[in-house]
Amino acid sequence: MCEASYIRNTALKAQGASLSLAQASWHTRREALLRISAALDEHREELFKANEADIACARENGRNEAFIDRLRVSEKVLTSMKNGLAEVASSKDPLGEVIYGATLKSGVKMIKKRVPLGVVAIIYEARPNVTVDAAALCIMSGNAAVLKGSREALNSNLVLGKVISQGLSQAGLDPHSVAVIEKTDRASTTELMRLNGIIDVLIPRGGKELIKSTVENATVPVIETGAGNCHIYVDASADIKMGTNIIVNAKLSRPSVCNAAETLLVHKDIAERFLPVAAEALINGGCTLKGDERARAICPEMAPACNEDWETEYLDTILAVRVVDNIDEAIEHINKYSTKHSEAIVTRDFDSAKKFEALINSAAVYVNASTRFTDGGEFGMGAEIGISTQKLHARGPMGLTELTTVKYILEGNGEVR
């Protein structure tokens, strides 16, 4: 079967399964997630072996350690997947929630309620845990899922696809409700992007190039997620110890994820006191710093930064550093170069905090806290389908509610207009 036919047939099976999944009870959908969790334990050694093969192949192809970190399925990652399944399984059912109700002047009774989107396609890079997170959220929100991971994670994803199908079948649900695409070529990706009438929404979860390609080539509706050129701005009034702790956490706790900081902006009035302390902590943690002229005048150990650094999502232990004259310059810089993901200000000035909150044009804005909190689990959603960096339909971490749409139900007694 050619790639186009395979992709289309797989999506059509998911579309057929979506009708029964949308009508399945909360208890049945929850049971499927619990069965998937049990199947993960049953197939753990098979999964680890498949993941080792993926990592070996990635290393042979010259992938860096940040990429390997995203690809790896460790005991910790497996536990995280199981915890995510448990949290989503315990979530309140989003389906059928009545958002609004009224009796129209005609006498017709109307309600507005939550319903599934239908068939959700997700294209993602490297991280096998996304396969389980996405499946869990789609199942519990009553959506069928078509999941296309990258070639580097194919062996891991195929095992996870088997695990998910097993859990669905054991719960009495159609195993086609979640499809893991076995093709990793560009032609199959393009075909998936253009299945109008079958795919209801497409979510790219990965780097800047993946998102750009999806937006430019897809003909189905797209929700942009993933790219995270995140900033920390240290204001003139900031507590130096707090600022240092926040930037070290935001950059180094896990550099390869989208909520990690990529640029540090420092007010000129605190730069000479703050930068030497923060730079020492970051460098001791293994971070490479790339600074503008004013930052390097204070910390000569920094490499020179160029314009490209301000717009780069490193996903690595590299941080761009710039000294700014005031908060307005910091806000201007962030709104120019940010991917609209997560930004933070460190300050003791109430007016500065409120100005930053109001004028930063990103999905998540922090005052005196690390950007690393932008996560569905941290936000109480269990797992997440991704971090939406756009404004329409969904913004920020996308949990169960964000995977629903609305339907108006109107009941009458023979009324006509």
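In what follows, the structure referred to is the one given above.
What you are looking at is a predicted structure, and each value in this text was computed from that prediction instead of being measured.

1. Describing the pattern of salt bridges
Working step 1: Counted by the stated rule, this structure contains 20 salt bridges.
Working step 2: Notably, a salt bridge pairs Arg-44 with Asp-41, separated by 3.1 Å at the nearest N-O pair.
Working step 3: Classification of Arg-44 as partly exposed rests on a relative accessible area of 22%.
Working step 4: Here Lys-355 ties to Asp-328 by a salt bridge, and the two come within 2.6 Å at their closest N and O atoms. Remark: Asp-328 occurs in helix α14 (residues 327-337) and Lys-355 occurs in helix α15 (residues 350-359); sequence separation between them is 27 residues.
Working step 5: Since its relative accessible area comes to 31%, Lys-355 is described here as partly exposed.
Working step 6: By relative accessible area, which is 39% here, Asp-328 ends up partly exposed.

2. With respect to the packing of helix α2 (residues 26-42) against helix α7 (residues 154-170)
Working step 1: Viewed as axis vectors pointing N to C, α2 and α7 meet at an angle of 135 degrees, and their least axial separation amounts to 8 Å. Considering the angle they form, α2 stands oblique to α7. In this structure, the crossing between α2 and α7 has a hand that is right-handed. Contact residues: Ala-32, Arg-35, Ile-36, Ala-39, Leu-40 and Glu-42 in α2; Leu-160, Val-163, Ile-164, Gln-166, Gly-167, Leu-168 and Gln-170 in α7.
Working step 2: Broken down by class, the residue content of the contact of α2 with α7 amounts to eight nonpolar, three polar and two charged.

3. Here's the deal with the nonpolar core
Working step 1: Counting residues in hydrophobic clusters, the biggest one holds 50 residues, and the most contacted among them are Ile-122 and Ile-385.
Working step 2: Top contributing element to this core by residue count: helix α6 (residues 129-140), with nine residues.
Working step 3: Excluding residues within four positions of it along the chain, Ile-122 makes contact with Ala-134, Cys-138, Val-146, Leu-147, Lys-148, Leu-202, Ile-203 and Ile-385.

The rules behind each value
Residues numbered from 1 in each chain as written. Predicted model: local features only at pLDDT ≥ 70, side-chain atom pairs only at ≥ 80, totals over all residues. Heavy atoms only, no water. Salt bridge = Lys/Arg side-chain N within 4 Å of Asp/Glu carboxyl O. Buried < 20%, exposed > 50% of the residue type's maximum accessible area, 1.4 Å probe, protein only. Helix = DSSP H or I, 4+ residues; strand = E, 2+ residues; numbered from the N terminus. Axes fitted to C-alpha atoms, helices over the stretch in contact; angles between N-to-C directions. Parallel < 35°, antiparallel > 145°, perpendicular 65-115°, else oblique. Left-handed = near helix turned anticlockwise from the far one by under 90°. Contact = heavy atoms within 4.5 Å. Nonpolar A, V, L, I, M, F, W, Y, C, P; charged D, E, K, R; others polar. Core = buried A, V, L, I, M, F, W, Y, C linked by side-chain atoms within 4.5 Å.

No statement about biological role is implied by the geometric values presented.
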